[in-house]
Amino acid sequence: MSPEREVLRVEDLRVEYVTSDGPVRAVDGVSFTLLAGQRMGLIGESGSGKTTLGTAIVRLLRPPARVTSGRVVVDGNDFLQVPDRELRQLRMREVALIPQAAMNSLNPVMRIGEQIADGLIAHAQSARIPRRDVGQRVGGALAQVGLPSHLANRYPHQLSGGQRQRAAMAIATALQPKIIVADEPTSALDVVVQRQVMQTLGRLQQGLHAAVLLIGHDMGLVTQFADVIGVLYAGRLVEQGPVDDILDTPRHPYTRLLIDSLPSLDEKKPLRGIPGLPPSLLNLPPGCPFAPRCPYAFDRCRVETPVLQSITLLQKAACHLYPAHTNLPPLPETADLLEVAPPADEADVAVL
Amino acid sequence: MTALLEVRNASKIYGGGLFKRHDRTVALDHLSYSIPEANPSITAIAGESGSGKTTLALLMMGFLGPTSGQVFYRGRDVATMSVAQRRLFRREVQPIFQDPYDAFNPFYRVDHVLETPLKRFGLAHSKTDARRQIEEALERVGLRPKETLGRFPHQLSGGQRQRIGVARALLCQPRIIVADEPVSMVDASLRATILASLQVLNRDLGISIIYITHDLTTAYQICANIVVLYLGNVVEAGTVDRVIRTPKHPYTQLLVSSIPVADRSRRRGEDMPGEGEAAARPVAARVGCAFAPRCPSAMDMCYESPPPLFVPDAHRAAACFLHKDAPVVSTVDVASIWEKGAA
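Cut-off values and rules
- Numbering of residues starts from 1 in each chain and follows the order in which that chain's sequence is written.
- To label them, take the chains in the order written and letter them from A, then take the ligands in the order written and number them from 1.
- Where totals are concerned, whole chains, interfaces and linings use all residues; where local detail is concerned, this predicted model gives features only for residues with pLDDT of at least 70, and gives and counts side-chain atom pairs only at 80 or more.
- Calculation of side-chain values draws on the structure's entire complement of heavy atoms; hydrogens and water are dropped beforehand.
- Note that domain bounds follow an automatic or database assignment of domains.
- Only heavy atoms matter for contacts: two residues are in contact if any of them lie within 4.5 Å across the pair.
- Here the quantity called buried area is the total loss of accessible area, with a 1.4 Å probe, experienced by two parts when brought into contact, counted for both.
- Each salt bridge in this description consists of a side-chain nitrogen of Lys or Arg and a carboxyl oxygen of Asp or Glu lying within 4 Å of one another.
- Any pair of N or O atoms that falls within 3.5 Å is considered a polar contact. Within protein, one atom must be able to donate a hydrogen and the other to accept it, and sequence-neighbouring residues count only if both atoms are side-chain atoms.
- Classification of ring pairs rests on two measures: the distance between centres of Phe, Tyr or Trp rings, Trp counted by its six-membered ring, which must be within 6.5 Å, and the angle between planes, read as stacked under 30 degrees, edge-to-face over 60 and tilted in between.
- Strands here are runs of E lasting at least two residues and helices are runs of H or I lasting at least four, both read from the DSSP assignment and numbered beginning at the N terminus.
- Only protein chains enter the calculation, and the probe is 1.4 Å; a residue is then buried if its accessible area is under 20% of its type maximum, exposed if over 50%, and partly exposed in between.
- Two thresholds decide whether a charge sits over a ring: the Lys NZ or Arg CZ must be within 6 Å of the ring centre and within 35 degrees of the ring normal.
- In the scheme used here, Gly and all other residues not listed as nonpolar or charged are polar, with Ala, Val, Leu, Ile, Met, Phe, Trp, Tyr, Cys and Pro taken as nonpolar and Asp, Glu, Lys and Arg as charged.
- The nonpolar core is taken to be a set of buried Ala, Val, Leu, Ile, Met, Phe, Trp, Tyr and Cys residues, with the residues joined through side-chain atoms within 4.5 Å.
- Take the residue count of a helix, subtract one, and multiply by 1.5 Å to get its expected span.
- Charge counting follows a simple rule: Lys and Arg are positive, Asp and Glu are negative, and His as well as the terminal groups are ignored.
- For helices, the axis comes from a line fit to the C-alpha atoms of the stretch in contact; other axes are also lines fit to C-alpha atoms, and the angle between any two N-to-C directions lies between 0 and 180 degrees.
- In this scheme, roughly parallel covers angles under 35 degrees and roughly antiparallel covers those over 145, while 65 to 115 is roughly perpendicular and the rest are oblique.
- Handedness of a crossing is defined here by the sense of rotation of the near helix relative to the far one, left-handed for an anticlockwise turn of less than a right angle and right-handed for a clockwise turn.
- DSSP calls a pair of strands paired once it identifies at least 2 bridges connecting them.

This part covers the domain arrangement of chain A. All names here are of chain A. In terms of domains, chain A is made up of domain 1 (6-226) and domain 2 (247-345). Centre-to-centre separation of domain 1 and domain 2, based on C-alpha positions: 31 Å. The interface is formed by 12 residues belonging to domain 1 together with 9 residues belonging to domain 2. Here domain 1 packs against domain 2, burying approximately 860 Å² in sum over the two surfaces, 70% of which is carbon and sulfur. Of all residues in domain 1, Val24, Glu45 and Met219 give up the largest surface area on contact with domain 2, accounting jointly for 53% of the area buried on that side. Taken together, the links from domain 1 to domain 2 amount to 0 salt bridges. Taken together, domain 1 and domain 2 are joined by 1 residue pair in polar contact (both at pLDDT 80 or more).

The structure is reproduced here in structure tokens:
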């Protein structure tokens, strides 16, 4: 197996929002690399900085957000330093964003085909697309996302929710980008349609041999799609590694509790949330941002911020339990976790 | 067995009007469902958007009247009940709304939303009594009164606000709580605590809970029974163990197989049965089974007449001709499907 080429490297990226109460650091020293054809999932709850990170990578941040340090290296060049004129040519061709609620971002008074053609024409020179080929390329873009070419003549309101979402994906990927950043591409879609859209994204990724960064809050959805995942908490990557390793043996307590809080279809188990609340990024506690909610936290966690360290060859975690431990120890008995037993009748039957 | 709340043969049709007969949309199609006085349980009403689940919830709470059929509370028709009866109905059947960000008036402290029902229904005899009740309710849903009271909604997280919504419902001393997608807008790490507080209300206070959702995994975890709706019709109903573990209706099977689970050994296949989406059809166009156009097992008969609810095994019924050799459900009340089986 030949090693894949690296297409994206994010190095120590920091993004701040300027507010009247001071700067809010939404992305705080995130680093990772993506190989050609790799599917990476980025999991985080609301306020964890996942959308800011995705937007920063495609350089679409708007004030009051600004990148304060770090690099986004696309094919060897720092994407953040590219002059604006070049940037317009690189975006969509190299890096494409499928934004959150993309289906609502369609222009209601333009036919789907015209909206796809728009991007193609804007890049006609640099991508060497002759005018006469545009129509054919529009059909190709629709085919990539599994939509029939006659939908090019429709207006957005004539399509169903799933079709609109796929049309938005066709616009984003019409120039066959090498990197696709998909920010919650299925939020607000029903579970069946969600599955279709995820399959479309999977086929698209395979067809283009593109690297995909899938951003989401749904652990089930992201782990079904991705090969590797990163877990974001308070703007920091707290765990990173191959999906199977992380699901089997999560190394960071937050990842572990997040996995435990997922309701399963196999057994009825007590519902278990994560105690406490995500921290306010405006005044982060000193030390590890997860410490106030962490059942494993000890003194060091409250003063010193842990850095991401390798636990195994492929898995990394930012936690002071390592390198003293190799695995997460069993949950401490004193853990103040809200627990509620499953409905009494079932539990009793099982015991009797 | 007397019913506390009964929806009898109710239909709800939106749109239409005098000149637009063909634009009518059937949101709910002759549905009968009752919540018994005894044995309070948690029941899920599940389905995709457009399935009629929210319409059913609104009918149950009296926020909407049925186009045909009736809704009874304690034996009285909600449409014609007296002022005093309606007051009791309004107090004893409480909603929990989907969006914790929209349900609060940002100008009032959260105390306001908790005090109002006590005042409105005269449930507290003094200020200290009101305060005690509020603190008790907050603790029941896992909130510390000291850290909650006196705050404005924007100072609380979505999860906390949603639990205040639960506490508010609780202060009315309800018999039934109708929760419409209570956790769909809340973060994963906080969902469990809200669902757990619903379980506490059911188990410790004997409140029946209707849990409206599209999420079958949480339904499986907290509910005893489930009703699956598709375009206003019941397609499958029964105990969650039957319906979610071994679904018999092709639509329920599609829903269950579409759930993304954090288990890579069960990667969902690339084949996609039932391509296409639910589209509420005009009344006249629907002759047979509403799901037939998307159904992988559709037969000729599916397009000829709507399937009745068959009972392929105890505690469950499915409206599908695949099970036509099984007996047909004997009563129209959906709740009797699991009640009967229990006997």
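So much for the structure itself; the text now carries on.
The next thing to look at is the packing of aromatic side chains. In the structure shown here, the tally under the stated rule is 9 aromatic pairs over all chains. Taken together, a centroid distance of 4.5 Å and an interplanar angle of 55 degrees make the contact between B:Tyr230 and B:Tyr251 tilted. Placement of B:Tyr230 in strand 9 (residues 225-230) and of B:Tyr251 in helix 10 (residues 250-258) is noted, with a sequence separation of 21 residues between them. The class for B:Tyr230 is buried, based on a relative accessible area of 2%. These aromatic residues form a ring-pair network of at least three members: A:Tyr233, A:Tyr254 and A:Phe290. Above the face of the A:Phe225 ring, A:Arg39 is positioned so that its terminal group lies 4.3 Å from the ring centre.

Across the boundary between the two partners, chain B contributes 51 residues, which contact 53 residues of chain A. For the pair chain B and chain A, the two sides together bury roughly 4400 Å², of which 52% comes from carbon and sulfur. Across the chain B-chain A interface, the total number found is 0 salt bridges. One can count 4 residue pairs in polar contact (both at pLDDT 80 or more) joining chain B with chain A. Elements with a contribution of two residues or more to the side of chain B that touches chain A: helix 7 (188-205), helix 8 (216-222), helix 9 (240-243) and helix 10 of chain B. Ranked by residues supplied to the side of chain B that touches chain A, first place goes to helix 7 of chain B with 11 residues. Split by residue class, the side of chain B that touches chain A holds 21 nonpolar, 14 polar and 16 charged.

Attention now goes to the nonpolar core. Burial of nonpolar side chains together is a common tendency in soluble globular proteins. If you look at the biggest cluster of nonpolar residues, it comprises 74 residues, and the most contacted ones within it are A:Ile116 and A:Leu201. Two domains each put at least three residues into this core: domain 1 (6-226) and domain 2 (247-345) of chain A. Those residues in contact with A:Ile116, other than ones at most four positions away along the chain, are A:Val138, A:Ala141, A:Leu142, A:Ala170, A:Ile171 and A:Ala174. Judged by nonpolar contacts, the second largest core, of 70 residues, contains B:Ile96, B:Val110, B:Val166 and B:Ala219.

Residues and elements named next belong to chain B. For helix 6 (residues 158-171), with 14 residues, the first-to-last C-alpha span of 20 Å sits near the 20 Å given by 1.5 Å per residue. Of all 14 residues in helix 6, 14 are buried; the element is thus mostly enclosed. Just past helix 6, the residue Gln173 takes up positive phi, approximately 50 degrees.

What follows is about the side chain of B:Asp180. All names here are of chain B. Structurally, Asp180 can be placed in strand 7 (residues 176-180). It turns out Asp180 is buried and unbridged, and the closest side chain with the opposite charge, Lys53, is 6.3 Å from it. In this structure the side chain of Asp180 is engaged in a polar contact, spanning 3.2 Å, whose partner is the side chain of Thr54. Those residues in contact with Asp180, other than ones at most four positions away along the chain, are Thr54, Ile96, Phe97, Gln98 and Ile212.

Between helix 7 (residues 191-208) of chain A and helix 10 of chain B, whose axes approach to 8 Å, the crossing angle comes to 55 degrees. Considering the angle they form, helix 7 of chain A stands oblique to helix 10 of chain B. When you trace helix 7 of chain A past helix 10 of chain B, the crossing you get is left-handed. Residue-level inspection shows A:Val191, A:Val192 and A:Arg195 of helix 7 of chain A in contact with helix 10 of chain B, the latter providing B:Leu254, B:Leu255, B:Ser257 and B:Ser258. Looking at side-chain class alone, the contact of helix 7 of chain A with helix 10 of chain B contains 4 nonpolar, 2 polar and 1 charged residues.

With that settled, the discussion passes to the sheet that holds strand 3 (residues 39-43) of chain A. Residue and element names in this part refer to chain A. The sheet built from 8 strands is open, its strands ordered 6-7-8-3-9-10-13-12 with mixed pairing. Edge positions in the sheet fall to strand 6 (95-98) and strand 12 (309-310), since each of these pairs with one other strand and no more. Inspection of the sheet shows strand 10 (residues 236-242) paired to strand 13 (residues 316-317) by 2 bridges, in the antiparallel sense. Residue Glu239 lies in a different strand from strand 13, and its bridge partner there is Ala317. Against the sheet, helix 1 (residues 50-57) contacts strand 3, strand 7 (179-183), strand 8 (211-216) and strand 9 (228-233), and its axis sits at roughly 150 degrees relative to strand 8. Packed on one face of the sheet, helix 6 (residues 161-173) meets strand 6 and strand 7 and runs near 165 degrees to strand 6.

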